[in-house]
Amino acid sequence: MIMVLITYVKPNVCGTRYRAAGPCSHQPNAGNRHASITALHCSKAMPAETFDLLRLLSDASFHSGAALARELGASPAALRLALRELERLGLKLVRVRGRGYRLAEPYDCLDAAAVGAQLGAHARHFRLELLDACASTNTLLLERARAGAPAGHVIACELQSAGRGRRGNSWQSGLGGSLTFSLLWRFAQGAAGLSGLSLAAGVAAARALASVGVAEVQLKWPNDLLHAGRKLGGILIELHDDGRDSTAAVIGIGLNVRLHTNLRDTIAQAVTDVASISRQVPQRNRLLAATLIELAQVLEQFAGHGFAPLRQEWIARHAHQGKQVTLSSGDGNTVTGRAAGVAEDGALLLETARGVERFVSGELSLRAGGSWNPLQNEFCNGPI
């Protein structure tokens, strides 16, 4: 049994050393006021007071400059720098002479105690580590895995500066606009026995979203969550072989919760967020807990039986099921066919002119325009 240890951790430097602070709340972490944090691409030092200030302002009520500076133990000049940093990160501040400063709308702060309360009895499965800022939760958790971290270790981050997707793609996330976290799970088998793991994680994420009121989430092979054809989230699985016929899997998940307009404009594909498709946006703490609960249940099932028991549920959510699609490989080759579901090991099944073929990697997209005639189509040199 894995006992829960919920801590809030604040980085000294982007993605390197850490010191423990208290749980995320609306109070400053006095012991870490002078930590040097680096934001975005670790190229611009962030004022040390930035995240403590964010927690103080998260209620969207007015706070006087004098009160903020006193609670932060900061000079007026340092306070002004931190206020400007919050604006640079996409948050809207309201300034009123004689009243002080407030956020234009409440900020949904990650809070370890709130996540633990939502987990309830399931908390025993997890060790939760919350960060203000880091480069990549997956990268950090892989380091923890190599150092012997137990299954159930979770890293979630307010601001991820170098999030990664599959095939070297970047994951764009703004402050408060996304839920980005990674979960470590250990399996008593080699990597070859974990085929279909990203699809299983997708089923868990879709279940979690449904449980908090986000309906009609679809899955795109092999690792995306969609709604009405727009990307809602993504999954990145990274494996570490410990050399003893067992594998540590780091499951990274990014969900768009409330994308800032300026960030949405920089993303080169059709995207959506929970705020756009749900009548009531769940708090990120609730969404994180719900996703962890579903992941634990799915991963335990996967460890014993593989992807096969989840196959039909995945197909039922398949965004491209029965549609004409194009699969692109990393070397530029493409295959066009009708999406015929997935195999029990998670391989994509395409109905092509040669029959139903299996593919284990590639980028899938809907075929643009017209109907598809398999007898008039040319294909690349077979499965990727």
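Residues numbered from 1 in each chain as written. Predicted model: local features only at pLDDT ≥ 70, side-chain atom pairs only at ≥ 80, totals over all residues. Heavy atoms only, no water.

S.K.: Would you take a moment to explain the packing of helix 4 (residues 112-119) against helix 9 (residues 284-305) for this structure?
M.R.: Packed helices, taken two at a time, are described by the angle between their axes plus the distance between the axes. Across the interface, helix 4 lies against helix 9 with an axial gap of 8 Å and an inter-helix angle of 45°. In this view, helix 4 runs oblique relative to helix 9, as classed from their interaxial angle. Crossing of helix 4 over helix 9 shows right-handed handedness. On the side of helix 4, the interface is formed by A114, V115, Q118 and L119, while helix 9 contributes N285, R286, L288, A289, L292 and I293. When its residues are assigned to classes, the contact of helix 4 with helix 9 shows 7 nonpolar, 2 polar and 1 charged. (Axes fitted to C-alpha atoms, helices over the stretch in contact; angles between N-to-C directions. Helix = DSSP H or I, 4+ residues; strand = E, 2+ residues; numbered from the N terminus. Parallel < 35°, antiparallel > 145°, perpendicular 65-115°, else oblique. Left-handed = near helix turned anticlockwise from the far one by under 90°. Contact = heavy atoms within 4.5 Å. Nonpolar A, V, L, I, M, F, W, Y, C, P; charged D, E, K, R; others polar.)

S.K.: Help me understand the pairing of strand 17 (residues 334-342), please; the structure alone is not making it clear to me.
M.R.: Consecutive side chains along a regular strand alternate between the two faces of the sheet. Both strand 16 (residues 324-328) and strand 17 contribute to a ladder of 5 bridges, which runs antiparallel. What sits directly across from S328, in strand 17, is T334. The antiparallel hairpin formed by strand 16 and strand 17 contains 5 residues in its connecting segment, where G332 sits at a positive phi of about 95°. Bridge count for strand 17 against strand 18 (residues 348-352) is 3 bridges, and the pairing is antiparallel. Looking at strand 18, one finds that V342 is bridged to L348. Remark: 5 residues form the turn of the hairpin made by strand 17 and strand 18, two consecutive strands paired antiparallel; G346 in that turn has positive phi of roughly 90°. (Pairing = 2+ DSSP bridges.)

S.K.: I'm lost on the sheet that holds strand 16 in this one. Help?
M.R.: Picture the strands of a sheet paired through backbone hydrogen bonds; they go either parallel or antiparallel. Strand order in this open sheet of 5 strands is 19-18-17-16-20, and the pairing throughout is antiparallel. Where the open sheet ends on each side, the last strands, each with one partner, are strand 19 (355-359) and strand 20 (363-366). Recorded for the sheet is a direction-independent mean angle of 45° between the axes of neighbouring strands. Bridge count for strand 16 against strand 20 is 4 bridges, and the pairing is antiparallel. Across the sheet, the residue bridging to V325 is L366, located in strand 20.

S.K.: I keep staring at the state of the cysteines and nothing clicks. Help me out?
M.R.: Between two cysteines, a covalent bond joining their sulfur atoms is known as a disulfide. Under the counting rule described, the total for this entry stands at 0 disulfides. With no disulfide of its own, C134 lies closest to C157 among cysteine sulfurs, the gap being 3.5 Å. Classification of C157 by relative accessible area gives buried; the value is 1%. (Disulfide = S-S within 2.5 Å. Buried < 20%, exposed > 50% of the residue type's maximum accessible area, 1.4 Å probe, protein only.)

S.K.: Just to check I follow, could you spell out the packing of aromatic side chains for this structure?
M.R.: Working definition: an aromatic ring pair is given by the centre-to-centre distance plus the angle between the planes. As enumerated under the stated definition, the model contains 1 aromatic pair in all. Ring centres of F187 and F302 lie 6.0 Å apart, and the angle between their planes is 75°; on these two criteria the pair is classed as edge-to-face. Taken together, the positions of F187 in strand 11 (residues 178-187) and F302 in helix 9 put the pair 115 residues apart, joining distant regions of the chain. Per residue, the accessibility class of F187 equals that of F302, and both read buried. (Phe/Tyr/Trp six-rings, centres within 6.5 Å; stacked < 30°, edge-to-face > 60°.)

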